[in-house]
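Residue-level listing of the chains:
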Number of protein chains: 2
Amino acid sequence: MKKGCPYGTHRVIEPKGVLPQPALKIDNDMEIYDNEILIDVQTLNVDSASFTQIREQANGDVEEIKKIMKGIVAERGKHQNPVTGSGGMLIGTIEKIGPALEGKTDLKVGDKIATLVSLSLTPLRIDEILEVRPEIDQVDIKGKAILFESGIYAKIPTDMPENLALSVLDVAGAPAQTAKLVKPGDTVVVLGGTGKSGMLCLYEAKKRAGVTGKVICIGSRDKTIERVKNANLADVYIKANATDAVEVMNKVAEATNGEMADILINVVNIPNTEMSSILATKDNGLVYFFSMATSFTKAALGAEGVGKDVTMIMGNGYTKGHAEISLQIMRESEALKKIFEELYA
Amino acid sequence: MKKGCPYGTHRVIEPKGVLPQPALKIDNDMEIYDNEILIDVQTLNVDSASFTQIREQANGDVEEIKKIMKGIVAERGKHQNPVTGSGGMLIGTIEKIGPALEGKTDLKVGDKIATLVSLSLTPLRIDEILEVRPEIDQVDIKGKAILFESGIYAKIPTDMPENLALSVLDVAGAPAQTAKLVKPGDTVVVLGGTGKSGMLCLYEAKKRAGVTGKVICIGSRDKTIERVKNANLADVYIKANATDAVEVMNKVAEATNGEMADILINVVNIPNTEMSSILATKDNGLVYFFSMATSFTKAALGAEGVGKDVTMIMGNGYTKGHAEISLQIMRESEALKKIFEELYA
Ligand SMILES: NC(=O)c1ccc[n+]([C@@H]2O[C@H](COP(=O)([O-])OP(=O)(O)OC[C@H]3O[C@@H](n4cnc5c(N)ncnc54)[C@H](OP(=O)(O)O)[C@@H]3O)[C@@H](O)[C@H]2O)c1
Ligand SMILES: NC(=O)c1ccc[n+]([C@@H]2O[C@H](COP(=O)([O-])OP(=O)(O)OC[C@H]3O[C@@H](n4cnc5c(N)ncnc54)[C@H](OP(=O)(O)O)[C@@H]3O)[C@@H](O)[C@H]2O)c1
């Protein structure tokens, strides 16, 4: 049996020397190396920015979506959208565990897990696409995937529906980071607060900012804002177009008496929202970009261009305990659990 | 006289509603609005990532470089490289000040300034390219530019050569951010420490990390490493290829007894160095991406992909006092001043 590198570099075909995530093509042969785990895949949860792009390219046509997805995997050996660069995650059952992991992992054959590493670096083979659920970015398939030794995962909890857990785990990084950043008294804006990660971030922000803080939700549609309002997830609700920097700035100024945000969390799924985020944040404030549609240069040069001294953090999808933190929200908040069950499960 | 927006949105031609930096095309007519400043341009200091791309596209041919640069400005009304998205800055003399700025600005006609906002948002007209200095990314031109009301600038100091000041101001954000981040006892890696911003970052890092800290310089060439060594800017010197994540990780592990970096500052000018940066940093450490060749998705998904809990900051080109902090280095360090005079002035 072949010996593998913990990071999966042994699977990289092109270009040589890089890791699986930035690689253009990786080996998706399903014969495992000694430190790999083989997964029998059930559902792919495609990253929202990626799925939005694929759906648009397919003009909403499901057969076309299937073709694009199969094409991506055929070309790259992984489901990494060539336009957005992003992936998503998957749910499946452990089929085989490499002998080098014995005693090192708490997994056993038959366990159902969600991978918490991006599909953009996960060797994947799609044999058949069974069902596409475009409203929730989920795709049921027949196929296999590989988890590397350094790859993180969560066992699927038994106290909630599987698809619910998958939806939450997909964006687990955002609420966990929010929990770590927000302090009592903070004014927090969640740009895209009406979305999946947005609602989880609002919940954590409100919990941490407390009664002396102010949590502001920005969405673009009456319907989604109404939903969040009914669950009482924020203190203030703003309807605005996230790509219109001046509109967002003015509306946040109005809601904060011109003080602006201490922390802005960007969880929209569309491009060109860097400037709104920067202008809605106060000097010495912090912008946390979780959106995969974020452009590095637009953010870095945009902040400089308006002379704004804000700290800009790139949303690391992983932070310690993120799976537990986000699943816990579903147990704590009846209102949010209901929304998530209706929308995503 | 027409009234302008402080951020220059009145100059945006396409797409409407965005700010000048993300805009595809802005108006470079040199009749000023009431809150604008007209600059008679002397020298453009093109961003290193951008100039490297242009030089490669031109196969090093100076006439071809001129053609590409003129083409960019003709198409966009600003010098924003369409591949890297980045700009640079300029030096010039104040020719006209809009009446709405009276009493608001300390500038007067005839002052020589360097703009500290990116060329990627600055209305620019190039009448003639006089000289290209490819080794230092500087281009002398005959032309005009506009500074918006929110635009930041620095008066050119009189105690050092102009081109020296321009070189330093171009990358002022990096050493100033380094100064704010590094604490006594920190292990700091500067990836690209042999470059222009790299050397300034090393200087600030060593000053802040102090005797209990460790500052590590990574470059790719013997010659540049020798130069930095002679000036005694770091504690440890590593020759490595920044795109080879495993090589960088192993060499940093060796230099730190496996502890890895508390803070890694990325100031290289080439793509695909996100994973080296992440793997060379310890869990709960901080990666500061100043390089304009950084990819947001590669960093965000790469960190998640290896389960690394690092904070990743996007280098904001502006931070309060950055011009003063960086120019001060030239006054403090005779060794660095000598290198900068030789290389860039
Ligand atoms: N860093 C990571 O590891 C990671 C992991 C997962 C996801 N993500 C990223 O996080 C982002 C959000 O994911 P998600 O699953 O939460 O997406 P989602 O549920 O589709 O939510 C998208 C949000 O964006 C808002 N939005 C869209 N267009 C808007 C506009 N013009 N103006 C204002 N708001 C607008 C939506 O508001 P309305 O519905 O009110 O229009 C909604 O709140 C995506 O970019 C995704 O790629 C990152
Ligand atoms: N955020 C902002 O506002 C802002 C402003 C200005 C500049 N920047 C960015 O900062 C970065 C650095 O700018 P600079 O002017 O300092 O550039 P520079 O002087 O050209 O330095 C580039 C550095 O990268 C190193 N490098 C290149 N290829 C390498 C490789 N394969 N392996 C290891 N090291 C390698 C070089 O090392 P060797 O010479 O030893 O090969 C050198 O140290 C650029 O990306 C630029 O776009 C950002």
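Conventions adopted
- Along each chain, residues carry numbers from 1 onward, in the same order as the chain's sequence is written.
- As a convention, the first chain written is A and the first ligand written is 1, with the rest following in written order.
- Two thresholds apply to this predicted model, a pLDDT of at least 70 for residue-level local features and 80 or more for giving and counting side-chain atom pairs, whereas whole-chain, interface and lining totals are computed over all residues.
- Only hydrogens and water are set aside; all other atoms, that is, all heavy atoms of the structure, feed into the side-chain values.
- Starting at the N terminus, helices and strands are each numbered in turn, a helix being any DSSP run of H or I of at least four residues and a strand any DSSP run of E of at least two.
- We take the radius of gyration over the C-alpha atoms and set the globule estimate at 2.2 Å times the residue count to the 0.38 power.
- In what follows, a contact means two residues having at least one pair of non-hydrogen atoms within 4.5 Å.
- Under the convention used here, a 1.4 Å probe and the Shrake-Rupley method define accessible areas, while residue burial counts only the protein chains that appear.
- The sign given to each residue is positive for Lys and Arg and negative for Asp and Glu; His and the chain ends receive no count.
- For this purpose, a charge sits on NZ of Lys, CZ of Arg, CG of Asp or CD of Glu.
- Domain start and stop points were drawn from an automatic or database domain assignment.
- Buried surface area refers to the total accessible area, computed with a probe of radius 1.4 Å, that the two partners give up upon joining, counted for both partners together.
- We define a salt bridge as a contact between a side-chain nitrogen of Lys or Arg and a carboxyl oxygen of Asp or Glu at a distance within 4 Å.
- Polar contact is the term for a pair of N or O atoms within 3.5 Å; when the atoms are in protein, one must be able to donate a hydrogen and the other to accept it, and sequence-neighboring residues count only if both atoms are side-chain atoms.
- Three classes are used: nonpolar for Ala, Val, Leu, Ile, Met, Phe, Trp, Tyr, Cys and Pro, charged for Asp, Glu, Lys and Arg, and polar for all others, with Gly counted as polar.
- Nearness is defined per residue: one heavy atom within 4 Å of the molecule or strand is enough.
- Fitted lines through C-alpha atoms serve as axes, helices being fitted only where they are in contact, and the angles separating the N-to-C directions of these axes extend from 0 to 180 degrees.
- Comment on the angle field: the value is read as roughly parallel under 35 degrees, roughly antiparallel over 145, roughly perpendicular from 65 to 115, and oblique elsewhere.
- For two strands to count as paired, DSSP must find a minimum of two bridges between them.
- Burial classification: accessible surface area is computed with a 1.4 Å probe over protein chains only, and a residue below 20% of its type maximum counts as buried, one above 50% as exposed, and the rest as partly exposed.
- Working note: the arc is built from the helix axis to C-beta atom directions.
- The copies were overlaid with a least-squares fit restricted to C-alpha atoms from residues scoring a pLDDT of at least 70 in each copy.
- Centre distance within 6.5 Å is the pairing criterion for rings of Phe, Tyr and Trp, where only the six-membered ring of Trp is used; planes under 30 degrees apart are then read as stacked, over 60 as edge-to-face, and the remainder as tilted.
- Two conditions define a charge located above a ring, namely a distance within 6 Å from the ring centre to NZ of Lys or CZ of Arg, and an angle within 35 degrees of the ring normal.

- The name an unreviewed UniProt entry assigns to chain A is L-erythro-3,5-diaminohexanoate dehydrogenase, from the organism Sporanaerobacter acetigenes DSM 13106.

1. Description of the overall build of chain A
Stage number 1. Of regular secondary structure, chain A possesses 11 helices and 14 strands.
Stage number 2. The C-alpha atoms of chain A give a radius of gyration of 20 Å, which matches the 20 Å a tight globule of 345 residues would have.
Stage number 3. With respect to the three principal axes, the spread of C-alpha positions in chain A is 65 × 45 × 40 Å.
Stage number 4. In chain A, the share of contacts with a sequence separation of at least 24, taken over all contacts with a separation of at least 6, comes to 70%.
Stage number 5. Accessible surface for chain A amounts to roughly 12,800 Å². Of this, 48% is attributable to carbon and sulfur atoms.
Stage number 6. The average position of the 40 basic charges and that of the 46 acidic charges among the side chains of chain A differ by 2 Å.

2. What about the domain arrangement of chain A?
Residue and element names in this part refer to chain A.
Stage number 1. Looking at chain A, the domain boundaries give domain 1 (9–156) and domain 2 (172–344).
Stage number 2. Each partner contributes to the interface: domain 1 provides 12 residues, whereas domain 2 provides 8 residues.
Stage number 3. Of the roughly 750 Å² buried where domain 1 meets domain 2, counting both sides, 63% is carbon and sulfur surface.
Stage number 4. Counting every contact that joins domain 1 to domain 2 gives 0 salt bridges.
Stage number 5. Across the contact surface, domain 1 and domain 2 share 1 residue pair in polar contact (both at pLDDT 80 or more).
Stage number 6. Broken down by element, the side of domain 1 that touches domain 2 gets its largest block of residues, 3 residues, from helix α1 (residues 48–57).
Stage number 7. The class makeup of the residues in the side of domain 1 that touches domain 2 is 5 nonpolar, 6 polar and 1 charged.

3. Observations regarding the site of ligand 1
Stage number 1. Taken together, 27 residues lie near ligand 1, and Asp47, Thr194, Ser197, Ser220 and Thr224 of chain A sit nearest.
Stage number 2. More than one chain approaches ligand 1, the contributing ones being chains A and B.
Stage number 3. Residue Ser197 of chain A places a side-chain N or O atom 2.5 Å away from an oxygen atom belonging to ligand 1.
Stage number 4. In this structure, Thr224 of chain A approaches ligand 1 through a side-chain N or O atom, which is 2.6 Å from an oxygen atom.
Stage number 5. Going through the elements one at a time, α1 and α5 (196–209) of chain A are the ones with two or more residues in the shell around ligand 1.
Stage number 6. Considering only residue class, the shell around ligand 1 consists of 9 nonpolar, 13 polar and 5 charged.

4. Some words on the packing of helix α10 (residues 322–332) of chain B against helix α11 (residues 334–344) of chain B
Residue and element names in this part refer to chain B.
Stage number 1. At their nearest, the axes of α10 and α11 sit 6 Å apart, and the two run at 105 degrees to each other. The pairing of α10 with α11 is recorded here as roughly perpendicular in orientation. Touching Ile329, Met330 and Glu332 of α10 are Glu334, Leu336, Lys337 and Phe340, all from α11.
Stage number 2. Looking at the contact of α10 with α11 residue by residue, the classes come out as 4 nonpolar, no polar and 3 charged.

5. Things to note about the interface of chain B and chain A
Reports often express the size of an interface as the amount of accessible area lost when the parts come together.
Stage number 1. Chain B puts 56 residues into the contact, and the matching count from chain A is 56 residues.
Stage number 2. Interface area lost by chain B to chain A is led by Phe296, Glu304 and Met314 of chain B, which between them contribute 18%.
Stage number 3. For the pair chain B and chain A, the number of links is 2 salt bridges.
Stage number 4. Across the pair Lys180 of chain A and Asp309 of chain B runs a salt bridge, and its minimum N-O distance is 3.6 Å.
Stage number 5. Summed over the shared surface of chain B and chain A, the result is 12 residue pairs in polar contact (both at pLDDT 80 or more).
Stage number 6. Those elements that place two or more of their residues in the side of chain B that touches chain A are α7 (245–255), α8 (274–279), α9 (296–305) and β14 (311–314) of chain B.
Stage number 7. Counting residues per element, the side of chain B that touches chain A draws most heavily on α9 of chain B, which supplies 10 residues.
Stage number 8. In terms of strand pairing, strand β14 (residues 311–314) of chain A meets β14 of chain B through 3 bridges, oriented antiparallel. Directly across from Ile313 of chain A, in β14 of chain B, lies its bridge partner Ile313 of chain B.

6. Overview of helix α11 (residues 334–344) of chain A
Residue and element names in this part refer to chain A.
Stage number 1. When we look at burial in α11, the residues that qualify are Leu336, Lys337, Ile339, Phe340 and Tyr344. Buried positions in α11, seen along its axis, are confined to an arc of 165 degrees and lie on one side of it. Pointing more than 90 degrees away from the buried face of α11 are the exposed residues Glu334, Lys338 and Glu342.

7. Things to note about the side chain of His322 of chain B
Stage number 1. Within the element layout of this structure, His322 of chain B appears in helix α10.
Stage number 2. Each residue touching His322 of chain B, except ones within four places of it in the same chain, is listed here: Leu116, Ile152, Ala172, Gly173, Ala176 and Gly317 of chain B.

8. Thoughts on the relation of the copies chain B and chain A
Stage number 1. Under the fitted operation, chain B is carried onto chain A by 0.0 Å of movement along the axis and a turn of 180 degrees, and the coordinates agree to an RMSD of 0.0 Å. Read as a symmetry element, the transformation amounts to a two-fold axis. Among all residues of chain B, the one whose C-alpha sits closest to the rotation axis is Ile313 of chain B, at a distance of 2.3 Å.

9. Describing the sheet that holds β14 of chain B
Stage number 1. Ordered in space as β11(A)-β10(A)-β9(A)-β12(A)-β13(A)-β14(A)-β14(B)-β13(B)-β12(B)-β9(B)-β10(B)-β11(B), the 12 strands form an open sheet in which the pairing is mixed. The outermost strands of the open sheet, each flanked by one partner alone, are β11 (236–239) of chain A together with β11 (236–239) of chain B. Geometrically, the sheet is characterised by an average inter-axis angle of 20 degrees between neighbouring strands, direction not taken into account.
Stage number 2. Relative to strand β13 (residues 281–289) of chain B, strand β12 (residues 261–266) of chain B is paired through 5 bridges, and the arrangement is parallel. When the bridges of β13 of chain B are listed, Asn266 of chain B appears paired with Phe289 of chain B.
Stage number 3. Here helix α4 (residues 173–181) of chain A sits on the sheet and contacts β12 (261–266), β13 (281–289) and β14 of chain A; the angle it forms with β13 of chain A, its principal contact strand, is near 150 degrees.
Stage number 4. Along the sheet face, helix α6 (residues 222–230) of chain B touches β10 (214–219) and β11 of chain B and points at about 175 degrees away from the line of β11 of chain B.

10. Focus on the packing of aromatic side chains
Residues and elements named next belong to chain A.
Stage number 1. As enumerated under the stated definition, the model contains 4 aromatic pairs over all chains in all.
Stage number 2. With centroids separated by 6.3 Å and ring planes inclined at 20 degrees, the aromatic side chains of Tyr288 and Phe290 adopt a geometry described as stacked. Across the pair, exposure class does not vary: Tyr288 and Phe290 are buried alike.
Stage number 3. Residues Phe340 and Tyr344 carry aromatic rings whose centres are separated by 5.0 Å and whose planes lie at 65 degrees to one another, so their mutual orientation is edge-to-face. A residue pair is termed a helical-turn pair when its members lie 3 or 4 positions apart in one helix, as Phe340 and Tyr344 do in helix α11 at 4 residues. The burial state of Phe340 is the same as that of Tyr344; both residues are buried.
Stage number 4. Cation over ring: Lys196 sits above Tyr344, and NZ or CZ is 5.3 Å from the ring centre.

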